[in-house]
Amino acid sequence: MDGWHFPPGQELRRAFLLDETRLGPIPWHSPGKSAAVVMSVDDVFPGTSQSAYESGGDLEKGALGRLLWLLERHPKLRLTLFVTPDWRRVSPIAHRFWRHVPWIRDRVYLASVLPKGTMDLRYHPKFVSFLNMMPRTEVALHGLHHINQGHSVSVEFENRDRSTCAAMLAEAIQIFDESGLRYVRGLQPPGWNCSLALQQACRDVGIDWLASARDIEVPVSKDAKTAMSGLNGVSMLFPERIAPGLMHISTNFQATSAAERAFGILDAGGVLSIKAHITKNVPGYTHLDGVDDLYMNYLDRLFDDIEVRYGETIDWTTLGQLAASLSDSSVRLPSERLPSEMTLSEIAADRAA
């Protein structure tokens, strides 16, 4: 191995690998299926139309209602909602005077923030109940507050060490647990950033899988590697085990992508991983993949075409179900229980053993 040459992204991962023979892309197919479709939605939290922007808090009368419409139109479709346990970011755009002041600008919030606890899920039981009742929908983590000090306003885990990342993830999991929200042990890091420290922290707290790379530009091929947002150098089409017990699945399609890209991914036997953001417009920024009528109509037509073109050969699944189906049963904690079946204290004790 010492004579091999690794691209920068792989060099970083190599330092974290415990057994490289268990790692790498998985050209996977369920029995009788040739490819898969997953769809995930970021930035879900209890913000209503009376807040800075609606992000799910209006329930069926808001963006979640549009997702319910899509689910009703396509009974095979399944969703992964990335939910932030205590959302604090108001705008992704730095605007305060301090952004021009050296040293200080890296130690204050440069964008407007909500007081801690405003959007804490434990204080929004109707929102939690609604998510729990959504059909064919799973919930996974999307950070803790979705805010960071300094210019990288949304990149919450940037420049944080392993113990800090683990503490933040543990607090996020605690909020989920105490709110009664049903969830799976997956993470979409805010701002896509997934450092080595965050990868290690995920394993410390029992996160089973990550979605931390987005590439909607690299041409489709079975060997395509991500080179856009988040992790670079991981498979763009196939799930990839980036560390024992930690699966990664890339995003490769959004509202601005042509239907031909989707067909190319499915023809290659890959996972068509579709991304959306729950809100179209936030102060100072517009999400091109925001959940509006236009995007939902586009996906409605795309799913119709996929159903006609590929029939029963497509596995319509979720990120969590996909990761679970590929988990290596031989890569277990010493207790032989999966992290998702253990408490945080049990995981910590197991790691120390």
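My aim in this report is to walk through the structure given alongside it, one point at a time. Numbers given for residues are sequential positions, taken from 1 along each chain in its written order. Local features in this predicted model are restricted to residues whose pLDDT is 70 or higher, and side-chain atom pairs enter the listing and the counts only when it is 80 or higher, whereas totals over whole chains, interfaces and linings include all residues. Calculation of side-chain values draws on the structure's entire complement of heavy atoms; hydrogens and water are dropped beforehand.

### Description of the overall build of the chain
Helix numbering and strand numbering both begin at the N terminus, where a helix is a DSSP run of H or I of at least 4 residues and a strand a DSSP run of E of at least 2. Each helix and strand in the chain was counted, giving nine helices and 16 strands. Each residue is assigned to one of three classes by its accessible area relative to the maximum for its type, calculated with a 1.4 Å probe on protein chains only: buried under 20%, partly exposed between the two thresholds, exposed over 50%. Across the 353 residues in the chain, those meeting the buried criterion constitute 54%. Should any heavy atoms of two residues lie within 4.5 Å, those residues are considered in contact. The contacts in the chain between residues at least 6 apart in sequence include a share of 70% that link residues at least 24 apart. Using a 1.4 Å probe, accessible areas were evaluated by the Shrake-Rupley method; residue-level cover was limited to the displayed protein chains. Only carbon and sulfur atoms are counted for the fraction: they give 53% of the accessible area of the chain, which is about 15000 Å².

### Considerations on the pairing of strand β3 (residues 79-83)
Most of β3 is tucked away, with five of its five residues classed as buried. What you see with β3 is no split at all: Leu 79, Leu 81 and Val 83 on one side and Thr 80 and Phe 82 on the other are buried throughout. Pairing of strand β2 (residues 35-44) with β3, which is carried by four bridges, proceeds in the parallel orientation. In the strand pairing of β3, Val 41 is matched with Leu 81. On the question of chirality, the crossover connecting β2 to the parallel β3 by way of helix α2 (residues 63-73) is right-handed. DSSP-based pairing: two strands are paired if at least 2 bridges between them are found. Handedness of a crossover is defined as follows: with both strands directed away from the viewer, a clockwise route from the first strand across the helix to the second makes it right-handed.

### What about the environment of Asp 293?
Note that Asp 293 resides in helix α7 (residues 293-310). With a relative accessible area of 48%, Asp 293 lands in the partly exposed category. Spatially, the C-alpha atom of Asp 293 lies 9.9 Å from that of Leu 67, the residues being 226 residues apart in sequence.

### Overview of the layout of surface pockets
Computed from the structure, the second largest pocket encloses a volume of approximately 430 Å³. Contributing to the lining of the second largest pocket are 23 residues, with Trp 192, Arg 214, His 277, Tyr 285 and His 287 lying nearest its centre. Contributing elements (two or more residues each) for the lining of the second largest pocket: β2, β13 (271-277) and β15 (285-286). As a working rule, the residues Ala, Val, Leu, Ile, Met, Phe, Trp, Tyr, Cys and Pro are called nonpolar, Asp, Glu, Lys and Arg charged, and the rest polar, with Gly in that last group. Partitioned by chemical class, the residues of the lining of the second largest pocket number seven nonpolar, 10 polar and six charged. Buried and open spaces are told apart on a 1 Å grid over the protein atoms alone, a cavity being a set of points where a 1.4 Å probe fits but cannot get out and a pocket being an open set with protein on both sides within 12 Å along at least five of seven lines. Residues with an atom within 4 Å of a point are the lining residues. Grid points are joined across faces, edges and corners, and a volume is the space filled by probe spheres set on the points.

### Digging into the environment of Phe 130
Mapping Phe 130 onto the fold places it in helix α3 (residues 125-133). Its relative accessible area of 13% is what places Phe 130 among the buried residues. The spacing of Phe 130 and Leu 59 is 71 residues in sequence and 7.0 Å in space, taken between C-alpha atoms. When neighbours within four sequence positions are excluded, Phe 130 is seen to be in contact with Leu 59, Glu 60, Leu 64 and Leu 68.

### Description of the side chain of Ser 212
With respect to the helices and strands, Ser 212 occurs in the loop between β8 (209-210) and β9 (213-214). For Ser 212, a relative accessible area of 0% puts it in the buried group. Side-chain polar atoms of Ser 212 contact the backbone oxygen of Trp 192, separated by 2.5 Å. With sequence-adjacent residues up to four places away left out, Ser 212 is seen in contact with Gln 188, Pro 189, Trp 192, Asn 193, Cys 194, Ser 229, Gly 230, Leu 231, His 248 and Ile 249. The definition of a polar contact used here is a pair of N or O atoms within 3.5 Å, where within protein one atom must be able to donate a hydrogen and the other to accept one, and adjacent residues in sequence count solely through side-chain atom pairs.

### Regarding unusual backbone geometry
Peptide bonds are trans in most cases, and residues, glycine excluded, mostly fall at negative phi. Backbone geometry places His 146, a non-glycine residue, at a positive phi of 55°. Structurally, His 146 can be placed in the loop between β6 (137-141) and α4 (162-179). The phi dihedral of Trp 192 falls on the positive side, at around 70°, and the residue is not glycine. Here Trp 192 lies in the loop between β7 (186-187) and α5 (196-205).

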